Amino acid sequence: QCEVLFTSNQLIAEEYEEYLAKRKTVIINTSVDPSTICRPESGNKVIKIVMAASDWHSHNFIKYVKNAAIRISTEYGKDVEWYFVGLHPDMSEVNGISEVRYIPSMNMEAYIKHMSENRYDIGIAVLNPDHFNERKYFNKFIEYTRYGICGIYSDCMPFQQVVKDRENGIFTQNTDDGWYEAIKLLIDNPKLRINCIESAQDYLAKHFKWVADDDNV
């Protein structure tokens, strides 16, 4: 019987604790090299909104975010652009209103280069809060934060482990109005956007410290 369980998710730790000989669990996190952290962009005249995920997540965007995105494009027009990295949800409704770009999946080296160079402003992290998804890791918080992107997150686990609403990111309910209001909030409040990402990066530096060599493990 297992004595200690190492996991990155609090829900998994709680669910499996009773099966452990010593009922001991340890929450672990990844580490982030501080040299890879990109400071947020404050001078973009056009707000660049990105969603980076596998194409499987297209249905989450369509189900929860698309109607809000169409409203945003209708309201802001050419002042917003949509970027989809690795996925291809249909956004034909905004053709001629806002720029929509699809970037194909790429290897990790190319992905890091792309995300660090393109200076996105707002990141979409939509998740369907079911049993499986809520036991995932909050990779998207780490990714967006690392690349200087202020994230908007579905208000559910695993994001609830790290995100503090309007402090280091934005929480929203998975409704048309919820996503619309969250995106609009960050478009209209660049100072809030910058404050959130700076706070998130401070959190990353403090809680996800980089281990430079095995001797320190």
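> Residues and numbers for the overall build of the chain, please.
Tallying secondary structure elements over the chain gives six helices and eight strands in all. Taken from N to C terminus, the helices and strands of the chain fall in the order β-α-β-β-α-β-β-α-β-α-β-β-α-α. In terms of C-alpha radius of gyration, the chain reaches 18 Å, essentially the compact-globule figure of 17 Å for 217 residues. Referenced to the eigenvectors of the C-alpha coordinate spread, the extents of the chain come out at roughly 60 × 35 × 30 Å.

> So what's going on with the packing of aromatic side chains? Residues and values would help.
Under the counting rule described, the total for this entry stands at ten aromatic pairs. Measuring from centroid to centroid gives 5.6 Å for Phe 84 and Tyr 102, while their planes differ by 20 degrees, and the two rings are stacked. Taken together, the residues span a long stretch of sequence, with Phe 84 in strand 4 (residues 80-85) and Tyr 102 in strand 5 (residues 99-103) at a distance of 18 residues. Exposure remark for Phe 84: the relative accessible area of 1% places this residue in the buried category. Members of the aromatic cluster, joined through ring pairs, are Tyr 137, Phe 138, Phe 141, Tyr 153, Phe 159, Tyr 203 and Phe 208. Here the basic side chain of Lys 140 rests over the ring of Tyr 144, its NZ or CZ set 5.9 Å away from the ring centre.

> Can you tell me about the side chain of His 57, naming the residues and giving the values?
One can find His 57 in the loop between strand 3 (47-52) and helix 2 (58-76). Apart from residues lying up to four places away in sequence, His 57 is in contact with Met 51, Leu 87 and Lys 136.

> Tell me about the pattern of salt bridges, and please be specific about residues and values.
On inspection of all chains with the given rule, the structure shows eight salt bridges. Lys 184 is the salt-bridge partner of Asp 188, the closest N and O atoms lying 3.1 Å from each other. In this pair, Asp 188 and Lys 184 both sit in helix 5 (residues 176-188), four residues apart, roughly one turn of the helix.

> So what's going on with unusual backbone geometry? Residues and values would help.
Of the consecutive residues Met 157 and Pro 158, the connecting peptide bond is found in the cis state with omega at 5 degrees. Assignment of secondary structure puts Pro 158 in the loop between strand 7 (150-154) and strand 8 (170-172). Although it is not a glycine, Arg 166 sits at a positive phi angle of roughly 65 degrees. Along the chain, Arg 166 falls in the loop between strand 7 and strand 8.

> Before we move on, could you go through the sheet that holds strand 6 (residues 122-125) and cite the residues and values that matter?
A sheet is described by the order of its strands in space; here six strands give the open sequence 5-4-3-6-7-8, paired in parallel fashion. Lying at the two open borders of the sheet, with one neighbouring strand each, are strand 5 and strand 8. In this sheet, neighbouring strand axes are inclined to one another by 20 degrees on average, regardless of whether the strands run parallel or antiparallel. Sheet analysis places strand 3 next to strand 6, joined by two bridges and oriented parallel. When the sheet's bridge partners are listed, Val 50 is paired in strand 6 with Gly 123. Its contacts with the sheet place helix 2 against strand 3, strand 4 and strand 6, and it is angled at close to 155 degrees to strand 4. Taken strand by strand, helix 3 (residues 108-117) contacts strand 3, strand 4 and strand 5, and its axis lies near 170 degrees from that of strand 4.

Rules used throughout
Residues numbered from 1 in each chain as written. Predicted model: local features only at pLDDT ≥ 70, side-chain atom pairs only at ≥ 80, totals over all residues. Heavy atoms only, no water. Helix = DSSP H or I, 4+ residues; strand = E, 2+ residues; numbered from the N terminus. Rg over C-alpha atoms; globule rule 2.2 N^0.38 Å. Phe/Tyr/Trp six-rings, centres within 6.5 Å; stacked < 30°, edge-to-face > 60°. Buried < 20%, exposed > 50% of the residue type's maximum accessible area, 1.4 Å probe, protein only. Lys NZ or Arg CZ within 6 Å of the ring centre and 35° of its normal. Contact = heavy atoms within 4.5 Å. Salt bridge = Lys/Arg side-chain N within 4 Å of Asp/Glu carboxyl O. Pairing = 2+ DSSP bridges. Axes fitted to C-alpha atoms, helices over the stretch in contact; angles between N-to-C directions.

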